[in-house]
2 protein chains.
Amino acid sequence: MKPQVQIRMNEGLFLRDPLHSELGKNIINHSIKMIHKIGFENFTFKKVAEEIGTTEAGVYRYFENKHKLLVYLTAWYWGWLEFQIIFHTNNITDPIIKLKKIITLLASPVEDDELTDHIDEKLLHGLIISEGSKAYLTKEVGDDNKKKFFKPYKDLCAIIGSVINECNPKYKYPKSLASTIIEMAHFQHYFMHYLPSLTDFGKSKEESNIIAFLNDLVFASIKNNK
Amino acid sequence: MKPQVQIRMNEGLFLRDPLHSELGKNIINHSIKMIHKIGFENFTFKKVAEEIGTTEAGVYRYFENKHKLLVYLTAWYWGWLEFQIIFHTNNITDPIIKLKKIITLLASPVEDDELTDHIDEKLLHGLIISEGSKAYLTKEVGDDNKKKFFKPYKDLCAIIGSVINECNPKYKYPKSLASTIIEMAHFQHYFMHYLPSLTDFGKSKEESNIIAFLNDLVFASIKNNK
DNA sequence: TTTTAAATGATAGCATTACTATCATAAATA
DNA sequence: TATTTATGATAGTAATGCTATCATTTAAAA
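Residues numbered from 1 in each chain as written. Chains lettered and ligands numbered in written order. Predicted model: local features only at pLDDT ≥ 70, side-chain atom pairs only at ≥ 80, totals over all residues. Heavy atoms only, no water.

Enquirer: Can you lay out the protein's contact with DNA strand C for me, pointing to particular residues and giving the numbers?
Expert: Inspection of the region around DNA strand C gives 17 residues, with Thr54(A), Arg61(A), Tyr62(A), Glu56(B) and Tyr60(B) positioned closest. Sugar plus phosphate, as a fraction of atoms of DNA strand C within 4 Å of the protein: 49%. A distance of 2.7 Å separates a phosphate oxygen of DNA strand C from a polar atom in the side chain of Thr54(A). Here Arg61(A) contributes a side-chain N or O atom positioned 2.8 Å from a base oxygen of DNA strand C. Split into classes, the residues belonging to the surface near DNA strand C amount to 5 nonpolar, 5 polar and 7 charged. (Near = heavy atom within 4 Å. Polar contact = N/O pair within 3.5 Å; in protein donor to acceptor, adjacent residues only side chain to side chain. Nonpolar A, V, L, I, M, F, W, Y, C, P; charged D, E, K, R; others polar.)

Here it is, written out as C-alpha cells:
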C-alpha cells in the first residue's frame, strides 16, 4: 500500500463526496474516460451510468449536473498540479530554475501519478486541454467564482505569478504572464495536434517545442523589464 | 446608402445563405444578441425563432445546428478582423508599427462597423471572447478543419505571423506567438472581467492595459532573438 | 446484536432540446 | 401565367436533463 495523496475539494462541487465510495470513484474514472473519448458535449450522465452499471439517478446523487462535474475535474486537476509543482520545486531556490521547472511541468505529457490511485492523470490532462476552458467560459462564471470553484486555478496562477515576481520584481505583469503560460501550455498543445498551422510545431508534434517556446516567451519578457 | 463590405463565407457553414434574405439576417442578428445575453449553452433555435417571430424549422433551414451557427459567427468575425487589419495597416511599411497596430485592433473594444449593416460587431466581439473557443474545442475539430471552417482564423494567424517574421526573421516561433496574441487578447479580457485575479488589471478593467501587456510580451520576445 | 440510518438499485415521469417531415401559402422568378 | 423557391404552421420522435418514489442492500450506532 503506497502512500496516497488527496486533493482537498470544495464541497460545493458535489452533492456526495465521490472519492468516499466505490460508486463515486467509478463515476469519476469513467467520466474522465468517457469525456475524453466522446467530448463534453456528447457526454451524458445516462451514458456514464450505463457504462458503470448504475442508473442515471445514481450519478445525479453525486453531481448536480455535468457542468459541476467538469468544474470538479478541473479543480481537482489544478489542485493536483499545484501539488506537483510544490513537490518538484521544493528544493529549488533559484526562481529562474524554478520557473523553468514549472513550465516543463505545465507543458509536459503527464505520467500517471502513483500517489493517486483513483484518477488517471494522463487522461485527465488530455481532457483539461480540450475541455478545461469550458469550466469557466459560461454565464455562471460569476456565481461559480463566488463559490470559490476556481480557487485551485487562481492559487496556481498566484504561485506562478509570485515566482515570476521573484525573478524580476520590476516586471509589471506577473499574473497575466502566469495565466498566459498556463493557457498557452494547453492551447499550443491542442493547436499542435488539431490546428497545426496555428503553431510552429506542426510537423514534429513534440511537447518539447512548446516548452522551448514558452521559456523563450517568458524569460525574454522578464529580462526585458529589468 | 453607404458602401457595404461583405465577408466571403465558406458555403459548408450554412444550408441557405443567411445574408441573402431578411429572415436570414434576422437569425444572425438575434442569434448574436441572444448568445451574448444567455450564453451558447442556453441558446436554442426554438428560443431565437420565437424572438424573431418565425419557427424552429425556419431556423433549421438556414443552419444545420447551433454549432454550425457558432462556427459561422466566429468565421465571419475572423474574416472581418482580417479585413480590419488589412484596411488599417495598409499604408504602414514599418512591421513593428504594423504589429503594434494589429495588437491594438485585437485587444481594443470594437466599435460598430458602418461598412457592415447587418452585424453588430461590438456584440459579436463580446460573444467571440466568451464563446469563440467553443467553435474548435469539440470532437469535430478535425472534420471541421478539413472542411476549411477555420480558414479565416488560420489566415489571420498567418498574416500576424508573417508580420512578426518581418520584424525579426530569426525569431523562431512566429505562428505560435501569433496565436498566443490572438488568444490572449481575448482571454485576458475575459479574465479581467470575470476572474480578475488571473490578471494584473483587475482594478482598472481597461483594455489599454491588455494592449500594453501584449506589446511588452511580443516585442520583448522578438527583440530577444535578434 | 439489534436498530437505525445511509447509500444504492429499479422504475417512472416530465419538460425541454434537437432535430425531421409534411403541407399550405406567399413571394419571387421565368 | 406558370413555376420554382421561401416561409409559416403544425406534428412528431428520440434523446437530454432532470426529479421523485420505493424497495433493498450496506454500513454505522445503540
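Enquirer: I'd like to hear about the relation of the copies chain B and chain A, residue by residue, with values.
Expert: Take chain B, turn it by 180 degrees, move it 0.0 Å along the axis, and it overlays chain A with an RMSD of 0.0 Å. Both copies are brought into coincidence by an operation consistent with a two-fold rotation axis. Among all C-alpha atoms of chain B, that of Ala220(B) lies closest to the rotation axis, at 2.8 Å. Comparing contact sets, 100% of the residues at the interface of chain B also lie at the interface in chain A, consistent with an isologous, same-surface contact. (Least-squares fit on C-alpha atoms with pLDDT ≥ 70 in both. Contact = heavy atoms within 4.5 Å.)

Enquirer: So what's going on with the nonpolar core? Residues and values would help.
Expert: Across soluble globular proteins, nonpolar side chains show a tendency to be buried alongside one another. If you look at the biggest cluster of nonpolar residues, it comprises 162 residues, and the most contacted ones within it are Tyr136(A), Ile160(A), Leu214(A), Leu99(B), Tyr136(B), Ile160(B) and Leu214(B). When near neighbours in sequence (up to four residues on either side) are disregarded, Tyr136(B) contacts Phe187(A), Tyr190(A), Phe191(A), Leu195(A), Val141(B), Phe150(B), Tyr153(B) and Glu183(B). (Core = buried A, V, L, I, M, F, W, Y, C linked by side-chain atoms within 4.5 Å. Buried < 20%, exposed > 50% of the residue type's maximum accessible area, 1.4 Å probe, protein only.)

Enquirer: Requested: an account of the protein's contact with DNA strand D, with residues and values cited.
Expert: Residues in close proximity to DNA strand D total 17 residues, the closest being Glu56(A), Tyr60(A), Thr54(B), Arg61(B) and Tyr62(B). The share of sugar and phosphate among atoms of DNA strand D within 4 Å of the protein is 45%. The separation between a phosphate oxygen of DNA strand D and a polar side-chain atom of Thr54(B) is 2.7 Å. At 2.7 Å from a phosphate oxygen of DNA strand D is found a side-chain nitrogen or oxygen belonging to Tyr62(B). Tallying contributions element by element places helix α3 (residues 56-60) of chain A first for the surface near DNA strand D, with 3 residues. (Helix = DSSP H or I, 4+ residues; strand = E, 2+ residues; numbered from the N terminus.)

Enquirer: Let's hear about the packing of helix α1 (residues 22-38) of chain A against helix α6 (residues 121-131) of chain A: which residues, and what values?
Expert: All names here are of chain A. Interhelical geometry of α1 versus α6 gives an angle of 50 degrees and a closest axis separation of 9 Å. With respect to their mutual orientation, α1 and α6 come out oblique. The crossing of α1 and α6 is left-handed. Contact with α1, carried on its side by Ile32, Lys33, Ile35 and His36, involves Leu123, Leu124, Gly126, Leu127 and Glu131 of α6 and no other residues of that element. Its residues assigned to classes, the contact of α1 with α6 comprises 5 nonpolar, 2 polar and 2 charged. (Axes fitted to C-alpha atoms, helices over the stretch in contact; angles between N-to-C directions. Parallel < 35°, antiparallel > 145°, perpendicular 65-115°, else oblique. Left-handed = near helix turned anticlockwise from the far one by under 90°.)

Enquirer: Talk me through the interface of chain B and chain A; I want residue IDs and the actual numbers.
Expert: In this complex, chain B contributes 55 residues to the contact, which on the side of chain A involves 55 residues. Taking both sides of the interface into account, the surface hidden between chain B and chain A amounts to around 4,400 Å²; carbon and sulfur atoms contribute 61%. For the pair chain B and chain A, the interface holds 0 salt bridges. Counting across the interface, chain B meets chain A through 20 residue pairs in polar contact (both at pLDDT 80 or more). Counting residues per element, the ones that place at least two in the side of chain B that touches chain A are α1 (22-38), α6 (121-131), α7 (141-146), α8 (151-167), α9 (174-194) and α10 (207-224) of chain B. Examining the composition of the side of chain B that touches chain A, we find that 13 residues originate from one element, α9(B), more than from any other. A per-class count over the side of chain B that touches chain A returns 25 nonpolar, 17 polar and 13 charged. (Buried area = accessible area lost by both parts, 1.4 Å probe. Salt bridge = Lys/Arg side-chain N within 4 Å of Asp/Glu carboxyl O.)

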